[in-house]
Amino acid sequence: MKRYSYLFAVCGVLALASCEKLDRDFVTTIGRNEIEQSFGNVQALLNAIYADLPDGTLYIGGAAMMGAATDEAEFTAETNAVQSFNSGSWNAVSNPDFVWDRYYRGIRKVNQFLLSTGKVNLDPWRLDPNPSAQTVYQTNLAAIKRWAYEARFLRAFMYFELVKRYGGVPLLNEALEVDADFSKTQRNTLDDCIKFIVSECDSAALQLPLNPTTLPYVAATDLGRVTKLSALALKSRVLLYAASELFNNPSWAAGYAKPEYISLPAGDRNARWKAASDAAKAVIDAAPLPNLGAYKALFNTFNNAEIIFTRRNGASNQFERINSPIGFPQGQSGNTPSQNLVDAYEVKVNATTAVKFDWNNPAMAANPYANRDPRLEMTVVRNDASFGTPARKAQLYTSGLDGKPITNASKTGYYLRKYQIESLNLNNNNTGVHSWIIFRYPEIYLNYAEALNEWSPGNSDIKTFYDRVRSRTGVAMPGLPTGLSQAEVREAIRNEKRVEFAFEDHRFWDVRRWMQGPTYFGTPLRGVDITRDATTGAFSYTPSTVEQRTFDPKMYLYPIPQNDLNISPLIVQNPLW
Amino acid sequence: MKSTYNISVQLIVLFILLLAQASFAQTTESDTIILSNAPVKSLFKGQRNIAFGVQPAQHVSTAISTVYGSDLEKTFNLNLGNTLYGRLSGLVVTQGGAEPGVATPGMLIRGINTFGGASNAPLYIIDGFISNGTGPSNAFMQLTPEEIESISVLKDAASTALYGARAANGVVLVTTKAGKEGQLKVSFTTRQGFNQAQALPQFLNAYDYSVLYNEALNNDGLPIRYSDADLEAYKDGSDPVFHPDVDWYDQVLRPTSYASSYNLNFGGGDKFVRYFVSLNALNSQGLFKKFGDLSDESIDSKYAKYNFRSNLDISLSRRLSVEFRIAGSIEASSNPNNYTTGSTFSLLQSLPPNAFPVYNPNGSYGGNALYANPVGNLISTGFYNNNSRTILSSLKFTEQLDMITKGLSVSAAVSINNYFEQGSRKSKQYPRYSVTRGVIGDTIYSPPVGQLTSLSGAEETLDQYRNFIVQAFLNYQRTFGKHDISAMVMMNNDNVTLFGPASDPSNPTANSTDPYKHNSAAGRLTYVLNEKYIAEFSLGYMGSEVFAPEKRYGFFPAGSVGWILSNEGFLKQSQTINFLKLRASYGLVGNDIIASQGLSTRYAYTPTFGGGGYFFGTGNTGVGGFAENAIANNNVTWEKEKSLNVGLDIAFFKHFEASFDYFNRDRYDILVGSNSTIPLYLGVITPTLNQGKTNNNGFDLALRYNSANKKALQFFAAANVFYANNKIVFNAEAIQLNPQLLSTGNKIGQPLGLKAIGFYSADDIAQRSIDPKSVPGVLTEVIRAGDIKYQDIGGPEGKPDGIIDGNDRMPIGNPSQPALSVGLHTGLRYKGFDLDLVFQGVTGNTVYLGGNTFHAFQSNGQVAPIAFGRWTPQTAESATYPRLSSRDNLNNYQFSSFWQRDGSFVKLRSAEIGYSLPAQLTDKVRISSARIFINGTNLFSWDNIEYGDPESLTGYPVMRTLTLGLNIQL
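Keep in mind that what you see is a predicted model, and the values were worked out from it rather than measured.

Right, let's talk about the side chain of B:Lys907 for a bit. Residue and element names in this part refer to chain B. By the secondary structure assignment, Lys907 is in strand β43 (residues 905-916). Its relative accessible area of 2% is what places Lys907 among the buried residues. With residues up to four places along the chain from it excluded, the contact list for Lys907 reads Val838, Phe839, Gln840, Phe940, Ser941, Asp949 and Glu951.

Residue-level contacts link 76 residues of chain A with 72 residues of chain B. In total, about 6100 Å² of surface goes out of reach between chain A and chain B, with carbon and sulfur atoms giving 65% of it. At the boundary of chain A and chain B, one finds one salt bridge. Close ionic contact of A:Arg32 with B:Glu628 constitutes a salt bridge, the shortest N to O distance being 3.4 Å. On inspection of chain A and its partner chain B, the count reaches 19 residue pairs in polar contact (both at pLDDT 80 or more). For the side of chain A that touches chain B, the elements supplying multiple residues, two or more each, are α1 (2-17), α2 (32-37), α3 (39-50), α5 (100-116), α9 (219-222), β2 (307-311) and α21 (562-567) of chain A. The class makeup of the residues in the side of chain A that touches chain B is 34 nonpolar, 24 polar and 18 charged.

Residues and elements named next belong to chain B. Taken together, the five strands give an open sheet; going across it, the order is β3-β8-β9-β6-β7, and neighbouring strands pair in mixed fashion. Both edges of this open sheet fall to β3 (64-68) and β7 (129-130), since each of them pairs with a single strand only. Here strand β8 (residues 148-154) runs beside strand β9 (residues 171-176); their pairing, made up of six bridges, is antiparallel. Its bridge partner being in β9, Ser150 is matched across the sheet by Thr175.

Let's shift gears to the environment of B:Ser674. Residues and elements named next belong to chain B. In this fold, Ser674 is placed in the loop between β32 (656-673) and β33 (688-706). Judged by its relative accessible area of 0%, Ser674 is buried. For the pair Ser674 and Leu689, spaced 15 residues apart in sequence, the C-alpha separation works out to 6.0 Å. If near-sequence neighbours (up to four positions away) are discounted, Ser674 is found in contact with Thr686, Pro687, Leu689, Gln691 and Ala732.

The next point concerns the state of the cysteines. Residues and elements named next belong to chain A. Scanning the entire structure with this criterion turns up zero disulfides over all chains. The closest cysteine sulfur to the non-disulfide-bonded Cys193 is located on Cys201, 13 Å from its own sulfur. Judged by its relative accessible area of 1%, Cys201 is buried.

As a further point, take the packing of aromatic side chains. Inspection of every chain in the model, using the stated rule, returns 81 aromatic pairs over all chains. Between B:Tyr541 and B:Tyr553, the ring centres sit 5.2 Å apart and the planes meet at 20°, which makes this aromatic pair stacked. In this pair, B:Tyr541 is assigned in strand β24 (residues 533-544) and B:Tyr553 in strand β25 (residues 553-564), connecting sequence segments twelve residues apart. Residue B:Tyr553 is classed as partly exposed on the basis of its relative accessible area of 36%. Above the face of the A:Phe508 ring, A:Arg512 is positioned so that its terminal group lies 3.7 Å from the ring centre. Its guanidinium or amino end placed over the ring of B:Tyr68, B:Lys41 lies 4.3 Å from that ring's centre, counting from NZ or CZ.

A word on the environment of B:Leu779. For B:Leu779, the location among the structural elements is in the loop between α12 (762-770) and β37 (788-790). Considered as a pair, B:Leu779 and B:Gly851 are 72 residues apart in the sequence and their alpha carbons are 23 Å apart. Sequence-distant contacts of B:Leu779, defined by excluding residues within four places in its chain, comprise A:Glu78, A:Thr79 and B:Ile803.

Conventions we followed
- Residues numbered from 1 in each chain as written.
- Chains lettered and ligands numbered in written order.
- Predicted model: local features only at pLDDT ≥ 70, side-chain atom pairs only at ≥ 80, totals over all residues.
- Heavy atoms only, no water.
- Helix = DSSP H or I, 4+ residues; strand = E, 2+ residues; numbered from the N terminus.
- Buried < 20%, exposed > 50% of the residue type's maximum accessible area, 1.4 Å probe, protein only.
- Contact = heavy atoms within 4.5 Å.
- Buried area = accessible area lost by both parts, 1.4 Å probe.
- Salt bridge = Lys/Arg side-chain N within 4 Å of Asp/Glu carboxyl O.
- Polar contact = N/O pair within 3.5 Å; in protein donor to acceptor, adjacent residues only side chain to side chain.
- Nonpolar A, V, L, I, M, F, W, Y, C, P; charged D, E, K, R; others polar.
- Pairing = 2+ DSSP bridges.
- Disulfide = S-S within 2.5 Å.
- Phe/Tyr/Trp six-rings, centres within 6.5 Å; stacked < 30°, edge-to-face > 60°.
- Lys NZ or Arg CZ within 6 Å of the ring centre and 35° of its normal.

Quick look at the structure:
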């Protein structure tokens, strides 16, 4: 009998002993601690921050460009969210250009990355007396320091992407916990934000190599990284915006309780313009200026001296699929340039004179594409222009292969050529690289000219740098005429920016900072109706209205997402939303 | 369903004839067999299995319903779940697919209580140990009715609290038969019969198909495809090669297939050893034709299951006893290789009748690039054998510790369970050819699609688990005068390693073999005073390895009280009320299956990194990135539920019993996307947090009627009713200007779709050409007269915008789970005859008519009779179906109320009629009883669906099985 009791006692002890710990048997996922220990893994954290840079080629709904939310273009598919910019049906809940979370995600990554850089374990090299190991140690130490400035630039860039949309935003430079008290969060003033971004640019500019070929950068592996030029270029853009009308004139939002969120304190405008021109000049003076080469090819490369900073991508043909004319293989029409844009390209009368295009001029109206600024043909596929592989002439006339009334044919009478790699055969699924350029030299030139014209009209540098943009190889448009008034020069610079940077996501912001929304975005978007004479084959062109567009003053800034206002009641919504 | 009706009528006639015949034969018999026990067991007598123990039914103060193996035996089914339709109050069983060995029904206790990735499935316990796996790998589904003593469903917190963080969805508790002291009893049962499809989808023949296809082309503004001569050829069938008319279902399925089962069990014992042994074999052939007989490289569709069980109870000494249980099952199925429920039946449902002939004139398979040949797929692609093995074993020692104090005992138990499923695939390919008529009337063969290959093989492990469970108990049970006390403390530790069903079974991920571990301790104290007042307290304490180390353990308390009024003086003598008890319980329970059990979701307390690659250098070299995907959530925890149950048990007029329960369940800490609580500026991918809340309330009711035992004609009925109404109370959804799109406030699983409001008229289309937004429509399709028109209620600004899109969706119809379900088990015994019927009915659910069976010509598919009601200019007023389109129509076949139907039904799930031979006869051959019976499952369905079975509109048809059986007891 006792025996069995013992047996039982043994069982009981066994049972209790088996009450094992509940830890996982093994962990298969890598955690932050493991990542932060490793030099290579921390570098990968930085790579992931670069991946948050915007790519404007397939931007809204994976298809539409921001240009389709401006007077540059119309997006063909009615179902794309970009249309709500044009119909005015966007709001604090539904915004096609919804970047608030995207950039705050990137900002959080930077905040955490800056902590991670301090945790990298370099002991394998530091403790190794071998001289070559010591060299690696020093190189790695320097690299980690440099990464921090790259990351801080990227954070400043993302903040400015928020600021140009929302005005002053919360500056969150430490990663918050999920259970933080969100009810206390407030917006920083616009002035705080601008100052922060500028000071981050200044810090980065001091510490980063001048350009991808300056040691310790080696172009073969480091091309595409943030450079001193990138930091200076961002500062130039930021200070130009800070000097412009929108951030200095809150009159459009009369009665708004918190003007400090949407405009800078009243101050010396000339000083702001001067700061902007100085910042642009700093880029110009930083390095020998490149020769501006071929315009069309620029947008299909990431390796060109004109490019200061670009968003890199793998090879693809999605852009061609979306934007090729409807009658071409796989074409879906996509972003189609407007007559408003086409009209902005000047007519070159001779080597020294260019005039505005005018439909009321019978000669121009009869032959609207003759003698135009060469960039028109490089940007736009017009009727009867050759396109694609295998090449054929675009038939944009009524009943042509690419024209109305084909379903989803261009509504404007044009197709987009810029950024398209025409040599790709889509049926064979050929691919190529598209470069979404964030900063290139001509922007700096025009920033400089624009700012200079405001506080120092008549300064000879205005013509120098305006002409520099227009004189590039293959464009060679006449320079700035002499004897123009300050306002005429301003208009010339603005038109030059419109033309040179068509579809590069400048127009949406420039028109806003110039406070010309009602003029350009509140007016009908135009296209052209083309008919072909069946016997002679001659074309006739008639401008037409494609779409009524809406612009209300509230649209100068984006509404802050309603979700975050609900969670953080101290965050004040932008005016009129 | 016309076919069902015909068969039903035949069956009724058959039953009546048999009954009449039999009762005629019996009329002169004088020795009526008096059955010792009532046909259905009392709700309030005997012992009840409760969590880790048993309790006298009178003392139960929680919500439990029970069914007995002897009732379930009167069905022919491939898995245990299929025997439970309509059997237990509060347990809703829904038909899944019907493919043998693959499909098991859905089972929910008191409806749905949670949403998102969380599981609603109950916890299955077999003889005290958890049962793993889902679907057919769930050991519960593998059991046979013959080995089961009872199945109890524990429904409220007080009955399940001991299971702690696994208890909130309720518990299905199975107790298998144990041997009883006494002489050897042997029972042998066999059933022989056949399967047939309960309903098959119908499609139009080639002539009707072609006529309607021409109409569809015409509607789209395209030239017609079939000339009058073509139509004539389809009509008279004169040209089976170029104008074939193939009924593909007919080519692939046979009307009936063979089914049989054999069960042998025996038990007995003395005061030292008691044993129960059960052996079961079941064989059910699939509905496919015998393709294995046609080709050595195919195989007949077969399914077989073999079960065994051996339960031993041994008294090692006066105080020490041991229970040893070992049981297992083997499932083996064979099918043609290219057969899977999905692909074969979706091919059959889409393939037009005139696509190609089965065989071309030269004997090759017909077919084209778009469609394979279903017959070729089943004959000439090899075969697939699948088998699985389950082993359940346990050993439990119990020592009476009366020497310490009377009524005290201690137990220790260990259980090892194992499951393994393996597949053997032999595959090959075959060529198919499409034919065209040449200019001189000759037959021109296209180049082959697919090519002939030789048979090649692959072996794969599909699914497995192994678990190891250890338990220890201290029990105390004693009565002191008026006081009855029982108490129990226990601990349980289980460790389950499982993988699969893996998406790629040959490559299980490391994470899928990371064991699931649970530790728990629990206790229960029950006090009964004077057989009148009952109080019970339960406490579970459980830890689960999926949570952060400091967040693993939690307490789950529950209490219940009962008052047996019928033992009070004022009711004791009542002739009307024989028994009356009031019950109430309240408690807290948990559910730790809070998210799908995948790599990234199982351990929410660890972050995951990945993605975020970029490009650098002149070579555009890709570099890897580490982006934080899901941030670590250290606070992640199990769902909790506060559950209230109030019940009333009553027996009256001797023959009637009723048990009524009202319940209210508040589930909270459901894992949901934190859209409305976490600001976007936090900069993380919206985490899932324990924030969701639901409420579910309703009632269940069980009724019993037993006629007096001694009458010649005995009648019994056991009915149950269940009603539940659930609601999402909080879901942290992103703000929405179209509030009808929010799920908060709706039922769980409420479908959101467009509301159809008729068809566009010609006037509508004319109006649209002037101002498109004046008659709202979609942007993705050119709308024509006869297309389905939808209500425009939303837009980007939260108001109608003249465009039909996702903003116009709204709650339509009901979820697929019924709100009200009813079960009825009834029957009678007259002399040697017995009749046993099980009905199940549900209402408050919606079914959706989707796919090729209902959407004419979509995805190059065929057309069903439902399309005869199509819109044409002439039938604009009476049309019941949109205009036909030959292309995929992006307007008409959107998810909308147009395709919803009321899913209510009443089904006769099982019927059995039996005759027991008179005792004088059986005595002569020295057997204690012999009974012959006819059994049918899934005999009738009364429902609102004209074109099939509301529970399985597509896929493998639900099988109706008719068997003739014999039971002999020695």
